[in-house]
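Tertiary structure, described
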Amino acid sequence: MPASKTTCLAIALLSIAVATTAATPRHSSKPSSSKRPQTALQSEVEQKKTETASTGVSPNLEAEFAAEDHALDSSRGEIADPLIGWNKMWYHFNDKTYFWVLKPVSTGYGKVMPKIARAGLRNALINLKAPVRIINCALQGRFSESGQEVERFGINSTLGVLGFMDTATTKFKMNYYPRDGDQTLAKTGAGTGIYLVWPFIGPSSVRGTGGWLIDTVTSPLTYLPGAPLVDNINNTSLDPGTYEKVKEASVDPYVAMRNGYVQYRQKRAGE
Amino acid sequence: MKGKLCRSFILAGLFTFVALAGVTRAATLDLSKAAGTPEGLIHAAIEQGLAVLSDKNLNQAQRREKIRTIMLEAADMNQMAALSLSKYKSKFTPEQFQQFTDLFSKLVFNTYIGHVESYNGEPVQYGKTQKIAADRVRVPLTVMTKDAPVPGEFSLYKKGTEWKVYDVRIEGISLVNNYRSQFNEFLVNKTPSALIDQLKHQVSENASK
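Remember, it's a predicted structure, so these values are computed and weren't measured experimentally.

What counts as what
Residues numbered from 1 in each chain as written. Chains lettered and ligands numbered in written order. Predicted model: local features only at pLDDT ≥ 70, side-chain atom pairs only at ≥ 80, totals over all residues. Heavy atoms only, no water. Helix = DSSP H or I, 4+ residues; strand = E, 2+ residues; numbered from the N terminus. Buried < 20%, exposed > 50% of the residue type's maximum accessible area, 1.4 Å probe, protein only. Contact = heavy atoms within 4.5 Å. Areas by Shrake-Rupley, 256 points an atom, 1.4 Å probe, with all protein chains shown as cover. Core = buried A, V, L, I, M, F, W, Y, C linked by side-chain atoms within 4.5 Å. Expected span 1.5 Å × (residues − 1). Phe/Tyr/Trp six-rings, centres within 6.5 Å; stacked < 30°, edge-to-face > 60°. Salt bridge = Lys/Arg side-chain N within 4 Å of Asp/Glu carboxyl O. Pairing = 2+ DSSP bridges.

What about the overall build of chain A?
The helix and strand inventory of chain A stands at 13 helices and two strands. Counting all 271 residues of chain A, 49% fall into the buried class. The long-range share in chain A, meaning contacts at least 24 apart out of those at least 6 apart in sequence, stands at 72%. Total accessible area computed for chain A in this model is approximately 13,300 Å², and 67% of it derives from carbon and sulfur atoms.

See the structure below:
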């Protein structure tokens, strides 16, 4: 869904306001600690019947695993969330917007538009967003990737019939470099800042908001009335039920989304 | 952003179960042999998983039951549950922990099984196994979906002589880490039995869908 002009303005103002305070120190990875005692695992007996077995888990395993596995490091996936009340309000707003508007609209749209047309349209819109990737690759100093994105855009816009076919991938086996604004800001050393949820956009952070701004300004879709909305409806119709599944699998969907966002961005920032 | 994030979550589930489902055959044939190396377990899992998913002689219930049985064999659900609870595990009695582990497995399984069943033969590429510690490794692999390659990793540890999965990560999102953030938030001011009740409720809701 596109953000309305007011939202864009609000975000622009906010991101300027917080830009100076955004550079919070990033989590430094802990040095890996001593070798784990072998006895913890070796003494365990294979247990297949979980109903009858005792837990079979060493109390220290958690710390030992975490020391060398940053996914299990407790600071991984964590972010300061002082505006949790505000963020939850927008989380619920987005949730309702999904169920009451986006889902019925994209379901109806999916029924009238053949899948092949929707997949083609998705390709075309991804192709149109090439400037976002070209600029972010360049800003990150990845000039070769930036050049390849220019080439992809040329191939797909011509041989790929306005981008409806991803000829660069299918015929020329070219790679795709979806570099984004948040990565660009991360490269400058900017910290994530606090967690923020925006209406229509979803999970973000201070840095993520700045990144979103870069991506929005450089995206041609922003300047085509209705294009971001079509993009969102089209993508949702091609990926139905996903959001519901995430909710069903979660004990606390708000926390699940927040943690997922942060883990995903941490990984992307390290690329 | 939201869509991309959700897709990662779903793929995490798909990953887990496509792979773990795979061990169904391996288990009946020779799971212990496959589990002798981490790559062996994962490779066998994927290959065999595809075989189970494409076995037209199985009805849905049989297929799901096979996949479930094997998930419990290939992954160390006790370990995943313990890591997900983190420091709060000590608040659980052994009985509660067992009950929790069982419900946790069911929650994850019920949620993703439908997506696993819609798996459509997307090619899988394996990466080079990374050693984290003497008895822990990560096996990276990429599912080549039609949209884009989706990178993921299985984390395995050596339990006795066999390798077991203790975490799965897609696009950097660790399943264990994600659940841990939720359970920790929940258990800050609620009891283990409240968490068990909540899981029971969700599992029965999912099952009725």
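Structural notes on the environment of Gln79 of chain B
All names here are of chain B. You can see Gln79 is positioned in helix H4 (residues 77–85). Accessibility expressed as a relative area gives 1% for Gln79, which makes it buried. Between the C-alpha atom of Gln79 and that of Thr101, which follows or precedes it by 22 residues, the distance is 9.0 Å.

A look at the nonpolar core
Residue and element names in this part refer to chain B. Of all hydrophobic cores here, the largest spans 55 residues; its most connected members are Phe100, Phe104, Leu156, Phe183 and Leu195. Ranked by residues supplied to this core, first place goes to helix H5 (residues 94–117) with ten residues. Each residue touching Leu156, except ones within four places of it in the same chain, is listed here: Pro38, Leu41, Ile42, Asp135, Arg136, Val137, Val139, Trp163, Lys164, Val165 and Tyr166.

A closer look at helix H2 (residues 38–53) of chain B
Its 16 residues place the ends of H2 of chain B 22 Å apart at the C-alpha level, agreeing with the 22 Å of an ideal helix rising 1.5 Å per residue. Where H2 of chain B is concerned, the buried positions are Pro38, Leu41, Ile42, Ala44, Ala45, Ile46, Gln48, Gly49, Val52 and Leu53 of chain B.

A word on the packing of aromatic side chains
Residues and elements named next belong to chain A. According to the stated counting rule, one finds 16 aromatic pairs over all chains in the structure shown. Judged by centre distance (5.4 Å) and plane angle (80°), the rings of Phe93 and Phe200 are edge-to-face. With a gap of 107 residues between them, Phe93 in helix H4 (residues 84–112) and Phe200 in the loop between strand S1 (195–198) and strand S2 (202–205) connect regions that are remote in the sequence. Taking the relative accessible area as the measure of exposure, Phe200 reaches 28% and is therefore partly exposed. Aromatic pair Phe99 and Tyr243: ring centres 6.0 Å apart, planes at 45°, arrangement tilted. Of this pair, Phe99 sits in helix H4 while Tyr243 sits in helix H12 (residues 242–248), and the two are 144 residues apart along the sequence. On the basis of relative accessibility, which here comes to 29%, the residue Phe99 falls in the partly exposed class. Judged by its relative accessible area of 5%, Tyr243 is buried.

Quick look at the pattern of salt bridges
All names here are of chain A. Taken as a whole, this structure holds 23 salt bridges over all chains when the rule is applied. Among the salt bridges present, the one from Glu145 reaches Arg179, with a minimum N-O distance of 2.8 Å. Of the two residues, Glu145 is situated in helix H7 (residues 143–158) and Arg179 in the loop between helix H8 (167–170) and helix H9 (181–187); the sequence distance between them amounts to 34 residues. As far as the burial class goes, Glu145 and Arg179 line up, both buried. For the salt bridge of Arg152 with Asp166, the shortest nitrogen-to-oxygen distance reads 3.0 Å. Linking Arg152 in helix H7 with Asp166 in the loop between H7 and H8, this pair joins segments that are 14 residues apart in sequence. Looking at Arg152, the relative accessible area reads 5%, which means it is buried.

Here's the deal with the pairing of strand S2 (residues 130–133) of chain B
Every regular strand shows the same layout, with side chains that alternate between the two sheet faces. In the sheet, S2 of chain B pairs with strand S3 (residues 136–144) of chain B via three bridges, with the strands oriented antiparallel. Counterpart to Lys131 of chain B in the pairing with S3 of chain B is Val137 of chain B.

Here we look at the pairing of strand S5 (residues 162–170) of chain B
Residues and elements named next belong to chain B. Most of S5 is tucked away: nine of the nine residues are buried. Relative to S5, strand S4 (residues 149–159) is paired through eight bridges, and the arrangement is antiparallel. Within S5, the residue paired with Glu153 across the bridge is Arg169. The loop that links S4 with its antiparallel partner S5 comprises two residues; one of these, Gly160, has a positive phi angle of about 65°. Linking S5 to strand S6 (residues 173–174), which pair antiparallel, is a turn of two residues; within it Glu171 sits at a positive phi near 50°.

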